[in-house]
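# Structural overview for review
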Amino acid sequence: MSNLSETLPVIDLDVFLSEEESSTRVQEECKRAAAALITYGALLVHDSRVSEEDNDSFLNLVEDYFAQPPEELKKDERPDISYQVGVTLENTEKPKCAVDEPCLNVIARLDPAERPLDISGHHPDPKCRFFWKMGTPPPYKTEYPALNTPNVIPQAPVFRDTWRPIMEKWGKSMKDAVENVAEMTAIGLGLPRETIKDAGKYGPHLLGPTASDLTKYSEKDTILAGFHTDLNCLTIHGRSRYPGLHIWARNTGKRIPVRFPPTGRYLLVQAGKQIEHLTGGLIKAGFHEVVVNEATVETLAKRRISAPDRPLIRISSTFFWHLSSDYDLAPLTTLPERAKAVETEPGAVLESSYPPMKVGQQVQNELKHIALMA
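The rules behind the values
Residues numbered from 1 in each chain as written. Predicted model: local features only at pLDDT ≥ 70, side-chain atom pairs only at ≥ 80, totals over all residues. Heavy atoms only, no water. Helix = DSSP H or I, 4+ residues; strand = E, 2+ residues; numbered from the N terminus. Rg over C-alpha atoms; globule rule 2.2 N^0.38 Å. Buried < 20%, exposed > 50% of the residue type's maximum accessible area, 1.4 Å probe, protein only. Contact = heavy atoms within 4.5 Å. Lys, Arg positive; Asp, Glu negative; His and termini not counted. Charge placed at Lys NZ, Arg CZ, Asp CG, Glu CD. Pairing = 2+ DSSP bridges. Axes fitted to C-alpha atoms, helices over the stretch in contact; angles between N-to-C directions. Salt bridge = Lys/Arg side-chain N within 4 Å of Asp/Glu carboxyl O. Phe/Tyr/Trp six-rings, centres within 6.5 Å; stacked < 30°, edge-to-face > 60°.

Turning our eyes to something else, we now look at the overall build of the protein. Across its full length, the protein carries 11 helices and 16 strands. Here the C-alpha radius of gyration of the protein, 19 Å, is about what a compact globule of 374 residues would show, namely 21 Å. Taking all 374 residues of the protein together, the buried fraction comes to 57%. At a minimum sequence separation of 6, the contacts of the protein that also span at least 24 residues come to 84%. Separation of charge centres in the protein, based on 43 positive and 52 negative side chains, amounts to 1 Å.

Printed below as a string of structure tokens:
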């Protein structure tokens with residue numbers, strides 16, 4: 001298995017932030033960012049602003065939160081608004097790909113050795129999640145109020161003083177980085193710098209840590225999050241304490257185990273369905289799964305010894321960057337034509353599969369598929 005840093009391009013945000021947009025280095029780095037998303041649907045980003053300490057504080061907070069009894073967690077649940085803020089308990093969210101024909105076709109075309117773990121039973125994922133909104137409320141009346149509701153502060157008194165500052169601090173690091181990647185991608189695609197970033201100015205962005213209890217789900221080949229793509233525009237991840245994320249690079253058919261360098265200020269960015277729609281399929285949403293693999297089992301054994309007092313919970317440090325709910329989602333300019341030129345995958349989705357719609361409608365359509373909205 002290769003290291004992710006040897007497989008995916010590493011984009012340097014420091015170059016983008018330290019030089020003029022017109023500089024050759026910035027232009028080249030932006031083209032590399034766009035090319036990485038077109039080719040792989042993912043990239044690693046280096047950002048000197050990212051603090052390991054902030055990530056550790058965030059992971060500790062969320063581990064402690066999900067170590068609470070289910071009856072305590074349930075107090076923070078909001079099923080009436082499709083779980084778009086607060087907690088989602090395990091065995092609630094279903095992997096869309098289990099019943100989605102285009103997705104099943106993708107799996108069928110993969111070499112059997114490179115396929116994801118079998119999700120055909122359509123069982124809900126045994127993962128929990130907490131959604132913390134990180135967006136700017138729109139200065140207009142939105143057509144999608146359920147996607148733009150206020151945050152939930154955990155009921156347990158122990159989190160009252162620490163929850164908001166830690167979530168906001170780490171969430172801001174992720175948001176700043178992913179918005180810079182959006183700017184770089186736009187430049188690399190030959191679009192004005194603000195094109196994608198402005199489309200997400202009032203997006204209901206979510207810091208969405210996902211938790212898997214490894215005291216219950218530690219057997220090798222357990223599916224924690226079944227094969228899927230993300231419904232938002234760009235997803236950015238910090239380093240998790242446990243491996244288990246696999247991604248599939250576009251058109252390679254290869255399953256890549258994500259392995260962050262052990263130290264360093266790196267984040268992983270993945271393309272979601274909104275940027276696929278926006279680019280008419282030039283950038284495709286990246287398929288991925290989270291499973292218990294050999295490296296997860298090995299890390300769990302080491303963690304029992306190195307941190308015996310910590311909860312054995314796998315937290316993914318994940319931020320979902322959305323386009324604004326009321327934004328008119330449609331392919332931009334000449335990008336669909338470029339999509340046809342680069343597409344080599346048999347049975348690929350064509351431009352006609354990206355009809356104009358509001359982003360909020362696209363989100364609601366996706367939520368129905370994963371059983372979070374009736």
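Still more to cover.
To continue, consider the sheet that holds strand E12 (residues 287-291). Spatially, E7-E12-E9-E10 is the arrangement adopted by the 4 strands of the open sheet, whose pairing is antiparallel. The two strands at the open ends of the sheet, each matched to only one other strand, are strand E7 (223-228) and strand E10 (255-257). Averaged over all neighbouring strand pairs, the angle between strand axes comes to 20°, with direction disregarded. Sheet topology note: the E7/E12 ladder contains 3 bridges and is antiparallel. By the bridge assignment for E12, His228 is matched with His288.

The full count for this structure, using the stated rule, is 22 salt bridges. A salt bridge links Lys175 to Glu179; the nearest nitrogen and oxygen atoms lie 3.5 Å apart. Residue Lys175 and its partner Glu179 are located together in helix H6 (residues 163-188), separated by 4 residues, close to a single helical turn. Like Glu179, Lys175 is buried. One salt-bridge network, held together by shared partners, links Asp56, Glu63, Asp64, Arg241, Arg303 and Arg310.

Another aspect to go through is the pairing of strand E9 (residues 245-248). Residue alternation in E9 divides its side chains into two sets, Leu245 and Ile247 and His246 and Trp248, and both sets are buried. Judged from the 4 bridges that link them, E9 and E12 form a sheet pairing that is antiparallel. Following the sheet pairing, Ile247 is matched in E12 by His288.

Right, let's talk about the packing of aromatic side chains for a bit. Tallying each qualifying case throughout the model produces 11 aromatic pairs. Look at Tyr65 and Trp163: their rings are 5.0 Å apart centre to centre, the planes differ by 55°, and that puts the pair in the tilted class. Residue Tyr65 is located in helix H3 (residues 52-66), and its partner Trp163 is located in helix H6; the two are separated by 98 residues in the primary sequence. Judged by its relative accessible area of 0%, Tyr65 falls in the buried class. Seen from their ring centres, Phe227 and Phe287 are 4.8 Å apart, and the 5° between their planes marks the pair as stacked. Taken together, the positions of Phe227 in strand E7 and Phe287 in strand E12 put the pair 60 residues apart, joining distant regions of the chain. With a relative accessible area of 0%, Phe227 lands in the buried category. The buried category is assigned to Phe287, whose relative accessible area is 18%. Within the aromatic cluster, the residues linked to one another by ring pairs are Tyr65, Phe66, Phe130, Phe159 and Trp163.

The values are spatial; any link to function lies outside them.
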